[in-house]
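# A look at the structure
Next come the chains, spelled out residue by residue.
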Amino acid sequence: MSTTVTPPPKKLNRIGLEITNYKGSKTTLCAGCGHNAISERIIECFYELGVQPWNVAKFSGIGCSSKSPAYFLGLSHGFNGVHGRMPSVATGAMLANRTIFGIGATGDGDTASIGLGQFMHLLRRNLPFIYIIEDNGVYGLTKGQFSATADLGSKLKTGVINDLPPFDCCALALQCGATFVARSFSGDKRQLQTILKAAIAHNGLSVLDVISPCTTFNDHEGSTKSYSYIKEHDELLNEIDFVPFYEDIAVEIAEGEVKEVEMHDGSKLRIKKLGRNYDPTNKFDALRAIDEANQKGEVLTGVFYVDTNKPNFMDLLNLDDAPLATMPESKVRPCRDVLDQVMEELR
Amino acid sequence: MRKQLTKGNEAIVKSAILAGCRTFYGYPITPASEIAEAAALYMPQAGGVFLQAESEVAAINMLYGAAAAGVRCMTASSGPGISLMQEGISYLAGAELPCVIADIMRGGPGLGNIAPEQGDYHQVVKGGGHGNYRTIVLAPDSVQEMAGLTALAFDLADEYRNPVVVLADGYIGQMMEPVEFPPASAPRPAPGWAVQGTAEARRNLITSIYLEPDGLEAHVRKLDAKYRQAEEREVRAEAWRTEDAEIVLVGYGIVARVLKAVVEQARACGLAVGLLRPITLYPFPSGELQRLSRRARMFLVVELSNGQLWEDVRLAVEGRTPVELYTRVGGNVPSAEEVLAVLWGKARPLAEREELVHG
Ligand SMILES: Cc1ncc(C[n+]2csc(CCOP(=O)(O)OP(=O)(O)O)c2C)c(N)n1
Ligand code: SF4
Ligand SMILES: [Mg+2]
């Protein structure tokens, strides 16, 4: 008697791809590194929302975090840039081809130290881009020196205490013009997934500061970016839910409890208040919440701010819908009148 | 003083402190990070200051300020970080300010890799920043020299009021050897030209801006005169068994150590081979090479870069003698046997031609 074993049917997403199509090469980061969990969430979210992987370009700087794009979305394009300059590289590439879906994975050293200038100018420009800071408070790749997001009083393995205040990348992002700002924790699977999905649906600059412990250099007693410290001090700002545009789920919303934000593509982000009187479309509320939490030593996570109205950078520049990189000559050649005018001015 | 087993990168910091340096500004990068780490440990112990800057651009500009205020100051980095410092180095040289920069070279261009290379030769020896300036460049080949040349670097920087670079590769930075450190000298008082916050120093002007063409020309000529003086006085090179050499190998840093083994092996095979090891890459030992070219029938330059040192050797020899080149890059270092095989390959046609002449 022979038996045939039928393998379970492969699960396909809405564009007919399996989850394996969204994976990258095998990670070479340390076991337990928070960055690995972030890569997994990116894989799941891009798969679940059915984003075309070949339409995506991944950008990074230099660091362990900046290596991580090799470990997700293997069918996408990748650009491993210069230490701290990823925002500029991404800006250049995305303006050259506005049809690219851009996502950046970088570190706190890359962002808040050497690349702070580039980061802040990216914030001003509201480029449609997802900027993920895999934030461990140290330079993992160069063996664990403090970065500029290390908390005051945090201790290195060597016993050295950080005596400078940190930059809060979410507060910076809010002040300088990012239109979707959130903080999460690599260990909070559901929250990070929801935030990532909302960022994918957002048509503007999303800044995601994801606390992502470095198991090798910053996961010990005395560190404020260790797994145990974050688990103890994680304070949820809000409870969030994401409904993609292609799912039509009507949910009863109790008035005043939940704020529903409609994203550019029709998806909905539902933000449920937790205790505090807080409006995620109000920048000042967001800044106050961050500041209060920092004063109390809490690690506040959730969606701080969403603005779906501000025009993005491509619109400000009046870029044509066709990508500059592939625009036919007929479209870029100036017409006779313009040429005549130029000649006239040179006379 | 008793010899201490010391890592190359650490020797730089200990020697800097012994030379009276109390100011270190840096940014981590492999394979130079141990220098900043040692400085973070020792500078405060010696009553000095260590600061992890936010970037190499910041670090070199902190030196710009520190040097102007009259302290012995230092930074360290590798390829990409040195590239970022070039603008600042040009300003320091233009404003005639002394400082010491250690470059522990890694593979390039771009991100390259973190394996040892000598590809920074051009950007360091030729002065990779803008304008008419030079930096004095010292190239150690051992941990002992990491210490000795760092001390010398501070003296030369002060004497010439100019940035001095200690140019080593990842190997020498990472290796451990016994080192005899020089006795400590007390931090020197701030020079008379420095900004000191006193009434007397109020008139001191430190600048690299000369808006009038004649003014800038005079300034550049003055810098030039300093460089000519350094070329006359400061050239250092090690000549190893060159007295009777018909073939002269040229290499610096880790390569020179391999080449010494090549000299011995080649001599055992009957070839009259010697080595010239530049210790100062600027000023370059051109005179010594010219002298050797009278007897030598061939030079073989071996470097971990794509012919960057070779250019300077050819300039020095001025076509009098053929200058051959053998390179390995990307983090590879040739073995003595490998170089010997290359040497044989290049020496044979020479020997055959010679036979024809005599024949
Ligand atoms: C110009 C330059 N300076 C220094 C370095 C060395 N370097 C590589 S990664 C890095 C910091 C990485 O820290 P972070 O961005 O926080 O990434 P992590 O490794 O912690 O994920 C540094 C200093 C470099 N590659 N280039
Ligand atoms: S060193 Fe730290 S940041 Fe780098 S891979 Fe290991 S755990 Fe992650
Ligand atoms: Mg980091």
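Residues numbered from 1 in each chain as written. Chains lettered and ligands numbered in written order. Predicted model: local features only at pLDDT ≥ 70, side-chain atom pairs only at ≥ 80, totals over all residues.

## Remarks on the overall build of chain A
When its secondary structure is counted, chain A shows 12 helices and 13 strands. Rg of the C-alpha trace for chain A: 22 Å, near the compact-globule value of 20 Å for 347 residues, within the 12% margin. Burial analysis of chain A (347 residues in total) assigns 46% to the buried set. Contacts in chain A between residues far apart in sequence, at least 24 positions, make up 71% of those at least 6 positions apart. (Helix = DSSP H or I, 4+ residues; strand = E, 2+ residues; numbered from the N terminus. Rg over C-alpha atoms; globule rule 2.2 N^0.38 Å. Buried ≥ 20, exposed ≤ 12 C-beta atoms within 10 Å, placed from the backbone. Contact = placed C-beta atoms within 7 Å.)

## Notes on the nonpolar core
All names here are of chain B. Leu63 and Leu138 are the most contacted members of the largest nonpolar core, which has 111 residues in total. For this core, the leading source of residues is helix H6 (residues 143-160), giving 11 residues. Counting residues domain by domain, this core receives three or more from each of domain 1 (4-233) and domain 2 (237-358). Non-local contacts of Leu138, meaning those with residues more than four positions away in its chain, are made with Leu149, Leu152, Ala153, Val164, Val166, Leu167, Ile279 and Thr280. (Core = buried A, V, L, I, M, F, W, Y, C linked by C-beta atoms within 7 Å. Domains from an automatic or database assignment.)

## Quick notes on unusual backbone geometry
Residue and element names in this part refer to chain B. The peptide bond linking Thr30 to Pro31 adopts the cis configuration, its omega dihedral lying at 5 degrees. Mapped onto the elements of the fold, Pro31 is located in the loop between strand E2 (23-26) and helix H2 (33-45). A cis amide bond links Gly108 with the next residue in sequence, Pro109, at an omega value of 5 degrees. In this structure, Pro109 sits in the loop between strand E5 (99-107) and strand E6 (113-116). Unusually for a residue other than glycine, Arg161 sits at a positive phi of about 45 degrees. Within the element layout of this structure, Arg161 appears in the loop between H6 and strand E8 (163-169). Phi is positive for Arg241, close to 55 degrees, though the residue is something other than glycine. Its place among the elements puts Arg241 in the loop between strand E10 (237-240) and strand E11 (247-250). The class of Arg241 is partly exposed, set by 17 C-beta atoms lying within 10 Å.

## Quick notes on the sheet that holds E11 of chain B
Residue and element names in this part refer to chain B. A sheet is described by the order of its strands in space; here five strands give the open sequence E10-E12-E11-E14-E15, paired in mixed fashion. What marks the edges here is a single partner per strand, and that holds for E10 and strand E15 (323-327). Taken over all neighbouring pairs, the strand axes of this sheet differ in orientation by 20 degrees on average, direction set aside. Pairing analysis gives four bridges linking E11 to strand E12 (residues 273-278), with the strands arranged parallel. In the sheet register, Val248 faces E12, and the bridge partner there is Gly274. Strands E10, E11, E12 and strand E14 (298-303) of the sheet are contacted by helix H9 (residues 254-268), whose axis makes an angle of about 165 degrees with E12. Strand contacts of helix H11 (residues 308-317): E11, E14 and E15, with the helix running at about 155 degrees to E14, the strand carrying the most contacts. (Pairing = 2+ DSSP bridges. Axes fitted to C-alpha atoms, helices over the stretch in contact; angles between N-to-C directions.)

## Section: the site of ligand 1
Around ligand 1 sit 24 residues in total, of which Gly63, Ser65, Gly107, Gly109 and Gly140 of chain A are the nearest. One chain alone does not account for the residues near ligand 1; they come from chains A and B. When contributions to the shell around ligand 1 are tallied by element, the ones reaching two or more residues are helix H2 (64-67), helix H4 (108-114) and strand E5 (138-139) of chain A together with helix H4 (79-94) of chain B. Here the residues of the shell around ligand 1 are counted per class, giving 10 nonpolar, 10 polar and four charged. (Near = placed C-beta within 6 Å. Nonpolar A, V, L, I, M, F, W, Y, C, P; charged D, E, K, R; others polar.)

## Quick word on the pairing of E8 of chain B
All names here are of chain B. Within E8, seven of the seven residues are buried, which leaves it mostly tucked inside the rest of the structure. A two-sided burial pattern is seen for E8, the buried positions comprising Pro163, Val165, Leu167 and Asp169 on one face and Val164, Val166 and Ala168 on the other. Examined bridge by bridge, E5 and E8 share seven bridges and lie parallel to one another. Its bridge partner being in E8, Cys99 is matched across the sheet by Pro163.

Keep in mind that these numbers describe shape and distance, not what the molecule does.
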